[in-house]
Structure formats: C-alpha cells, structure tokens
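Given next are the chains, with one letter for each unit.
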Amino acid sequence: MTKPIIEVKNLAKSFGKNDVLKDITEQVNPGQVIVVIGPSGGGKSTFLRCLNLLETPTSGEVDFDGQNLTTLDTKKVNELREEMGMVFQGFNLFPNMTVLENIKLAPMKVKHLDDAAATKLAHELLTQVNLDDHADAFPSSLSGGQAQRVAIARALAMNPKVMLFDEPTSALDPEMVGEVLSVMQELANQGMTMVVVTHEMGFAKSVADKVWFMADGYIQENNTPEEFFSNPQTDRAKDFLSKILM
Amino acid sequence: MKKRVILFFALLLSLVTGMTAVTSTTAHAATDNSLTKVEKKGTLVMGTSPDYPPYEFQATVHGKSQVVGMDVAVGKKIAKDLGVKLVVKSMSFDSLLVALQTGKVDMVISGMNPTPARKKSVDFSHTYYQGGYSIVINKNDKGIYKDKDSFVGKTIGAQTGSTMYNESKKQTSGTTVKGMTSVSDLILALQSHKIQGVAMEKPSAQAYVANNKELAAIPSNFDLSASDTSASVAFAKGSTALVTKANKSVDQIKKQNLVNKTYLPEAGKYLKTNTVNTSMWHYWKAFLTGIKYTLIITVCSVFFGFILGVILALARMGGGGVLRTGLRWLATAYVEFIRGTPMMVQVMFVYFGLGLIVNLPALTSGIIAISLNSGAYVAEYIRGGINSVDSGQTEAARSLGMSGGATMRYVVLPQALKNIWPSLGNEFITLIKDSSIVSIIGVSELIFQSNIVRSDTYRGVAPIAVIMVLYFILTFTASRILNYFERRMQHD
Ligand SMILES: Nc1ncnc2c1ncn2[C@@H]1O[C@H](COP(=O)(O)OP(=O)(O)OP(=O)(O)O)[C@@H](O)[C@H]1O
Ligand SMILES: [Mg+2]
C-alpha cells in the first residue's frame, strides 16, 4: 500500500463559538484527485486552509509527507508550504508586478533561484498554461480565466507535490471556466495530487478519484464520483445534490 | 535690557534643570573646572541672539555674513585676555540660558541684564555697560510726544516680556502697551501707524534713528533700578574661576570706557555699511543658504522619518508573544506621545535635553527631532496602507512558502506604499514648511535667514515676502515632482 501524502486526524477548527470543523479524519494518496463539495458555509475553505496551515487547527493533526505540521516551528511550516501550491477563488495575483514577476518572485526569494533560471522557469510554466504571450502584462489587464491560469502557473513554480484549489472557477464568467478546468485536468493527467473545492460537478465526475461531501463540520460522505452522484447515502447529500442538479 | 521669559522656555528650563539637578549642578559646585576646560579646548564659545543692534547683529563683512556689535567686542576682549579664541554661536534669545546650562555655550553676552530671577540659575560678571531707555517715534510726530507720559490714549510698543514692556505697563496710565517679539516688527508697526512709539534701549534707539530718516528718538524718563538697565556676561552656575577671570576684563572695559569710546562707534560703522544696500537681491546668498538648509533638513528628515515610520508601523501591528506585545505597546505610546506634543518643544528637547548626554550640533539635533516627529505620523500612514492591502495577497505569498518578513517586504509593503504615496507626499510638503521650527535653535534655514536679513536691512516686510515666494516655489515644485511619480506608479 502507498503511504498517504496528506493525513488528517480528528481535525477540528472553531472561530470563537463557531465550530466550523468538528472532527475530520481523512487521507489523500499521492496522485489522487479529491473533489470537496458541500453547501456554502460548510467549512470547505477552512478545511483547505488548515491543510497548509494558513489557518491553525484548534485540535487534531495534519500530517504532510509523514510530518505533523501542527507541531512544527514557523520556519519548517514555511518550507512545507512550498510543497503545497494553493489557488484561490479571487486569484490573488500581485497587482504591482507583471505576470512574469508574479511567477518569479517566490522561486527567487524563497528558493534563491537566479534571475535567468527563474525567468526560464516562468516562461516554461506560462507556455504550459498557454499564456506566454502575456508575460509582460500586468494582472489588471488580464481576463479572469487568464488571471487564474497565471495563478496556477505561479503555484506550480515552487514545484509542489500537492495542489490545493479553493473554488478556482467560481469568480469567472461562464465562458472562461473551461480554459481553467482544462489546465487543471491536464495537471491531473500528469499525476499531480490535487484537493479541489468546486461546484463544477462535471469536473468532479470526469476527473476526481474521490468526492468528499462536506457539511456541518464533518466529511459526511467519501466515495467515488460514480457512487456519490448516483447513490448518495445521507439525506444531507441527497438534498444538496437535488438543489445543485436542478 | 532684554528680559524675555516665554512660557515654554521656562518649562523647558525647569525640565532640563530638573533632569540634571542631581548630576550637573552638584558636579559644577563640587569641582569648578570651568576655567581649565576653556583653556584646554582653546576656545570660548559665546552665545548671543544677533537681532539687537548695536549690541549684536548680523553684518556683511568682506562679503560674508557674520555677527558683530559691542557685545561681540566684549566677548573678544574676554577671550583675548584668557588667551583663547572666541567662537560666536547664534540662537534665539529664549534659548540662550538653556544653552548655557546644558554646556552648549561657555558664556552668554546678549545685552542681558542680571536680574535676581536669572541670578538663581546662572552666574553673572560685573556690569560692562549701563544703558537707559528711549522711545522711538515717527519724525513727523516729534512735536506731539515728549516722553512716556505723552501717550495717553495712544499705543506704545515693546518687545514682549522685556523690561521695557513690563515698565511701560507699570509706569504709564491710559496708554495701551503692545508687545511683539522682534524689534523690526515693532518699527514696522510704528511706520504703519499701528502704534505711536517703541520703547527700547538707548543705543538701539540711536541705531535705528541713524539708519532711518523717518524716525526720531525721545527720552523715556522711566524710573528704573540699575540692575534693569545694566548688561552683564552670564556664565553657568558655579563657574567661579571663569567669572573671576572675566571680571578682570570687564573691569578694564569699564575703567577705560571701552564700550562708549571704541565698541559702540565700531558697531555703528557696521550699521552704516550694513544698510548701504537693502535690496533683497543683495542678500540672495543668505536666502540660498536658507533654501539649502531647509532642503537638507526636509530631505534627511523624510528619509529617516520614513525608516522610523516603517519600524513603528510594523511594531504596532505585531501579534502575540510578550516581546511583541511589549514592542507594540511601546510603539503605540511613542506615536501617541509625539503626536500629542508640539514639534517646537520636541526640537528644543532634543537640542538641549539630549545635548546633556551627547553634544549634538544644532543642524543634527534639528534633523533628529523632525525625523522623530515625522516618523510618528508616517507610521500611521504606513499602518493604514498595510491594512488597505487585501489579506488575500498575504495568503497567496504565504502559500508559496514565503516567510512573514519576506511577504511584508516584497508583497505587502510595495503595495501599501503605492496606496499611501499621496499621504507621504503631503508629509514631505508639510515638512518643507514645518522645518522652519528649527530656526529657534539657530539652524540657518529660510526663516532664520530671513530674520537675519530683516534685522540687517531694517526692512520688515520684504524678506518675509521673499521667503513666502521661495517656500511656495519649493512646495509647488515638490508637489509637481511627486505627482509625476504618482502618475508613473499608477500605470499598473
Ligand atoms: N477567519 C474567520 N473568522 C471567523 N469566522 C470564520 C473565518 N473564516 C470562516 N469563518 C466562518 O466559518 C464558516 C465556514 O466558512 P468557510 O469559508 O470555510 O465555508 P465554505 O464551505 O468555504 O463556504 P463557501 O462555499 O461560501 O466558500 C462560516 O460560518 C464563516 O463565517
Ligand atoms: Mg469557501
């Protein structure tokens, strides 16, 4: 059996009196694509952010590559974050830098790549997401789909082992969703381990190895997409699916 | 004699003496090394406020502006008798005694009269000059006014807080007494008929009348004690050895009547050469010096203030931990304190207060004080700027493995600075104007230079008009340049 790359054990997270995550125990194996779905406010973003410690869990542990992140010091956590790329709903590109500079920043400042090497890497990644002709543009001049593809390239520049996506297409105009999803699909085909929070059921059906249904602070169901969509177990999931698929 | 006691001066004096009550006062009293100290360094530093002809004033000698007058001659004589070199240090009259107490100067000669109040904080030499009072009036009014009693229903002007101001109030009835800080302003008020007479010392009155055909002097007939009309040299408390030496020189000056026979006529000569050319063009060098120092102070203060502001802002935004909390508390207290006290007091405190520990030149003190002040304001702009950067930016950077410091430096601060650039620009322009405050500790910036030109030329308005235009040119140019950079940054 392969060793899981991410192991979550009894993870809980509260904001004050609001217990957002109650008790989550799951694991992700290398190369797996996990799609997390669930109703709004169910804690999906919080869960994703606990995986790379952007949010500090209240209790429980998150193991990455065999190391318990919650016990590591800041410096070690910074190092492990390099291995987990993250893509946000709102892109979060650095608006004061060109596309190329956005991608080069972390490799140069964190990995201490020299300028030439970083530039070369950035161009390769931009080619991969089909945007090399926009290398010198500023983020404000990009469409949403282009911006999100740059954000993916930026995360890939640190050569991560896992990619976390938090509703990467929710902020996009419908006609741009496809270009982002196809980049993600290609990543999955290359064997990237991915945890994707999304409402794109088509993507879940065709790309996911597992679908996690999350509501009320728990992972209510963990199943293959076929099983989940054709035969949901809980009332919570049935209810959710009936609303979404209408 | 001049006897101005301005409130904050008194406050500062008590603060400084309070601080040093234990150290310096007792130390001075215990071991009087005043004389050996002066002999060892080979210079005798004299503090004076050169806006009071013929006692002391600025004159252009061989193309260079320097302090001259009968007090300078007295100082030279004392230094010569001690076998050391005289160094003249200019500052506002209010600052002189503090400068003496904090060791910035070895002695003060500035037409100062040895009043009992002053004797409590400094030691005085014997009297080197016995003066009296006159009232300067417009020549056309010569028939109307005879002495202090002729101004019933009229207004007399005098320097605020001076002996003549107090005596004019006490010894006249039915007369309004108007106080102003500088004699040039009073003369201006007289010529524009806002007041009908100006009470001042006899030699000063003579100087003004000699240089201005529109004016005339009449006797004042004030009833005054000797100590109110005499001038002495002031020394730090407890410097008996130095005072004893100086008294020998002063006694000679009196015995040979040097002041009336030599010093005053000499000063008069400078007054004449001084007023040959009162056109503002003639003084372009003085104004240029002013611009130079104003810019030096502003640019340095903006630079250091900015660095301090960043540090303070970061300290104020620090999170948990005892150390971080302590730092945050300190930074907050600092910002609140600086913003809650006048910059003028801060400038004086740095010059005189810090001066007790390290002897800082006036220019350095001014830059330090204004940087410390500006830092507190800049910190608040930067804090606002940092808060205005979307938290998603930090998350994106952290998710890429960047440390908190690197995130701040490469991602958040550059965007924060762009957001607050207009505020920082305003701060720069404000500092161009506010740097004028350091004129009180004698830094030759624009205001200080304009005061010199005013007392030099006996022209009250023209120098003010000139620096007003100069300030405007400076601020206008600066704002154009800042706008240019703002537009350039806006392209992305
Ligand atoms: N930093 C925070 N401080 C306080 N409460 C928070 C914070 N972040 C999230 N929450 C709360 O936690 C709950 C779960 O939020 P979360 O964003 O994880 O849900 P979600 O499943 O991602 O929802 P959505 O589909 O709307 O993105 C919400 O009630 C939210 O208000
Ligand atoms: Mg969310």
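Residues numbered from 1 in each chain as written. Chains lettered and ligands numbered in written order. Predicted model: local features only at pLDDT ≥ 70, side-chain atom pairs only at ≥ 80, totals over all residues. Heavy atoms only, no water.

### Quick notes on the overall build of chain A
- Assigned secondary structure in chain A consists of nine helices and 10 strands.
- Since a compact globule built from 246 residues should have a radius of gyration of about 18 Å, the 18 Å found for chain A is in line with a globular shape.
- Every one of the 246 residues in chain A was classed for burial, and the buried ones make up 57%.
- Summarising the internal contacts of chain A: among those between residues at least 6 apart in sequence, 66% fall at separations of at least 24.
- Put simply, chain A shows about 10,500 Å² of open surface, and 47% of that area lies on carbon and sulfur atoms. (Helix = DSSP H or I, 4+ residues; strand = E, 2+ residues; numbered from the N terminus. Rg over C-alpha atoms; globule rule 2.2 N^0.38 Å. Buried < 20%, exposed > 50% of the residue type's maximum accessible area, 1.4 Å probe, protein only. Contact = heavy atoms within 4.5 Å. Areas by Shrake-Rupley, 256 points an atom, 1.4 Å probe, with all protein chains shown as cover.)

### Thoughts on the overall build of chain B
- Regarding its fold elements, chain B presents 19 helices and 13 strands.
- Nonlocal contacts in chain B, meaning residues at least 24 apart in sequence, comprise 76% of its contacts between residues at least 6 apart.
- Of the accessible surface of chain B, which amounts to about 21,900 Å², a share of 61% is contributed by carbon and sulfur atoms.

### Considerations on the nonpolar core
- Core analysis: the biggest nonpolar cluster contains 56 residues, and Leu44, Ile78, Met107 and Tyr128 of chain B have the highest contact counts within it.
- Ranked by size, the runner-up nonpolar core spans 52 residues in total, among them Val99, Ala151, Ala188 and Leu241 of chain A. (Core = buried A, V, L, I, M, F, W, Y, C linked by side-chain atoms within 4.5 Å.)

### Remarks on the sheet that holds strand β7 (residues 122-130) of chain B
Residues and elements named next belong to chain B.
- Taking strand neighbours across the sheet as the criterion, the five strands line up as β5-β1-β6-β13-β7 in an open arrangement whose pairing is mixed. Only two strands of the sheet have a single neighbouring strand rather than two, namely β5 (85-90) and β7.
- Across six bridges, β7 lies against strand β13 (residues 230-236) in antiparallel orientation. Paired with Tyr129 across the two strands is Ala231, which belongs to β13. (Pairing = 2+ DSSP bridges.)

### Side note on the confidence of the model for chain B
Residue and element names in this part refer to chain B.
- For chain B, per-residue confidence averages 84 on the pLDDT scale, and 89% of positions sit at 70 or higher.
- Looking at the elements of chain B, mean pLDDT is at its lowest for helix α1 (residues 7-30), recorded as 45, and at its highest for strand β6 (residues 107-108), recorded as 96.
- Predicted confidence is poor over residues 1-14, with pLDDT under 50, and the contacts of this stretch with residues over four places away or in other chains come to 56 contacts.
- Predicted confidence for residues 16-29 stays below pLDDT 50, and this span has 13 contacts to residues more than four positions away or in other chains.
- Among the scores for the predicted complex, ipTM is 0.94 and pTM is 0.70. (pLDDT = per-residue confidence, 0-100.)

### Some words on the UniProt feature "domain: ABC transporter" (unreviewed entry) in chain A
- Feature annotation in UniProt assigns "domain: ABC transporter" (unreviewed entry) to the following positions: residues 6-241 of chain A.
- A distance of 27 Å separates the end C-alpha atoms of residues 6-241 of chain A, which is 38% helix and 25% strand. (UniProt positions renumbered as here; feature names shortened; annotations may be inferred.)

### Points about unusual backbone geometry
- Here Leu53 of chain A, not a glycine, exhibits a phi torsion of approximately 60 degrees, which is positive.
- Here Leu53 of chain A lies in the loop between α1 (44-51) and β4 (59-64).

### Overview of the sheet that holds β4 of chain A
Residues and elements named next belong to chain A.
- With antiparallel pairing, four strands are arranged side by side in an open sheet as β2-β1-β4-β5. Each edge of the open sheet carries a strand with a single partner, namely β2 (18-28) and β5 (67-68).
- Sheet topology note: the strand β1 (residues 6-15)/β2 ladder contains seven bridges and is antiparallel. Residue Ile6 lies in a different strand from β2, and its bridge partner there is Val28.

### Section: the interface of chain B and chain A
- Taken together, the contact pairs 18 residues of chain B with 25 residues of chain A.
- Linking chain B with chain A are one salt bridge, by the criterion used here.
- One salt bridge in this structure joins Glu395 of chain B and Arg49 of chain A, with 2.7 Å as the shortest N-O distance.
- Taken together, the connections running from chain B to chain A amount to four residue pairs in polar contact (both at pLDDT 80 or more).
- Listing elements by their share of the side of chain B that touches chain A, those giving two or more residues are α16 (391-399) and α17 (404-434) of chain B.
- For the side of chain B that touches chain A, the element with the highest residue contribution is α16 of chain B, accounting for seven residues. (Salt bridge = Lys/Arg side-chain N within 4 Å of Asp/Glu carboxyl O. Polar contact = N/O pair within 3.5 Å; in protein donor to acceptor, adjacent residues only side chain to side chain.)

### Notes on the UniProt feature "transmembrane region" (unreviewed entry) in chain B
Residue and element names in this part refer to chain B.
- Using the residue numbers shown here, the UniProt feature "transmembrane region" (unreviewed entry) corresponds to residues 293-315, 349-372 and 461-482.
- Annotation note: span residues 349-372, helix share 67%, strand share 0%, distance between end C-alpha atoms 12 Å.
- The span residues 461-482 carries 95% helix and 0% strand; its end-to-end C-alpha distance comes to 31 Å.

### Overview of the site of ligand 1
All names here are of chain A.
- Every residue near ligand 1 is listed here: Phe15, Asn18, Val20, Pro39, Ser40, Gly41, Gly42, Gly43, Lys44, Ser45, Thr46 and Glu167.
- One of the backbone nitrogen or oxygen atoms of Gly41 is found 2.8 Å away from an oxygen atom of ligand 1.
- Between ligand 1 and Gly42, the relevant distance is 3.1 Å, taken from an oxygen atom to a main-chain nitrogen or oxygen of the residue.
- Taking 630 Å² as the accessible area of ligand 1 by itself, protein coverage stands at 58%.
- Looking at the shell around ligand 1, the elements that each hand over two or more residues are β2 and α1.
- Top contributing element to the shell around ligand 1 by residue count: α1, with three residues. (Near = heavy atom within 4 Å.)

### Details of the side chain of Thr198 of chain A
All names here are of chain A.
- Mapped onto the elements of the fold, Thr198 is located in the loop between β8 (193-197) and α7 (201-207).
- A distance of 3.0 Å separates the side chain of Thr198 from the backbone nitrogen of Glu200, its partner in a polar contact.
- Here Thr198 is in contact with Val35, Val36, Ile37, Thr169 and Phe203, once residues within four sequence places are set aside.

### Description of the packing of helix α3 (residues 99-109) of chain A against helix α4 (residues 115-128) of chain A
Residue and element names in this part refer to chain A.
- Axis separation between α3 and α4 bottoms out at 9 Å; the angle between their running directions is 125 degrees. Classified by the angle their axes make, α3 and α4 are oblique. Helix-helix and strand crossings are classified by hand; for α3 and α4 the assignment is right-handed. Contacts between α3 and α4 pair Val99, Leu100, Ile103, Lys104, Pro107 and Met108 from the former with Asp115, Ala118, Thr119, Leu121, Ala122, His123, Leu125 and Leu126 from the latter. (Axes fitted to C-alpha atoms, helices over the stretch in contact; angles between N-to-C directions. Parallel < 35°, antiparallel > 145°, perpendicular 65-115°, else oblique. Left-handed = near helix turned anticlockwise from the far one by under 90°.)

### Section: helix α14 (residues 343-353) of chain B
- For α14 of chain B, the tally of buried residues reaches eight of 11 residues, placing the bulk of the element in the interior.
- Of all the residues in α14 of chain B, the buried ones are Met343, Gln346, Val347, Met348, Val350, Tyr351, Phe352 and Gly353 of chain B.

### Details of the environment of Lys237 of chain B
All names here are of chain B.
- Residue placement: Lys237 occurs in the loop between β13 and α10 (240-255).
- Note: C-alpha distance between Lys237 and Val347 (110 residues apart in sequence) is 24 Å.
- Here the side chain of Lys237 touches Lys119 through a polar contact of 2.8 Å, landing on its backbone oxygen.
- A polar contact of 3.5 Å, which involves the side chain of Lys237, links it to the side chain of Asp123.

### Description of the pattern of salt bridges
Residues and elements named next belong to chain A.
- Tallying each qualifying case throughout the model produces 20 salt bridges over all chains.
- A salt bridge links Lys9 to Glu61; its shortest N-O distance comes to 3.6 Å. With a gap of 52 residues between them, Lys9 in strand β1 and Glu61 in strand β4 connect regions that are remote in the sequence.
- Taking the relative accessible area as the measure of exposure, Glu61 reaches 23% and is therefore partly exposed.
- Among the ionic pairs, Glu83 bridges to Lys161, the shortest N-O distance being 3.1 Å. Pair noted here: Glu83 is in the loop between α2 (74-81) and β6 (84-87) and Lys161 is in the loop between α5 (144-156) and β7 (162-166), with a separation of 78 residues, a long-range link.
- For Lys161, a relative accessible area of 38% translates into the label partly exposed.
- Linked through salt bridges whose partners overlap, the residues forming this network are Lys9, Glu61 and Asp63.

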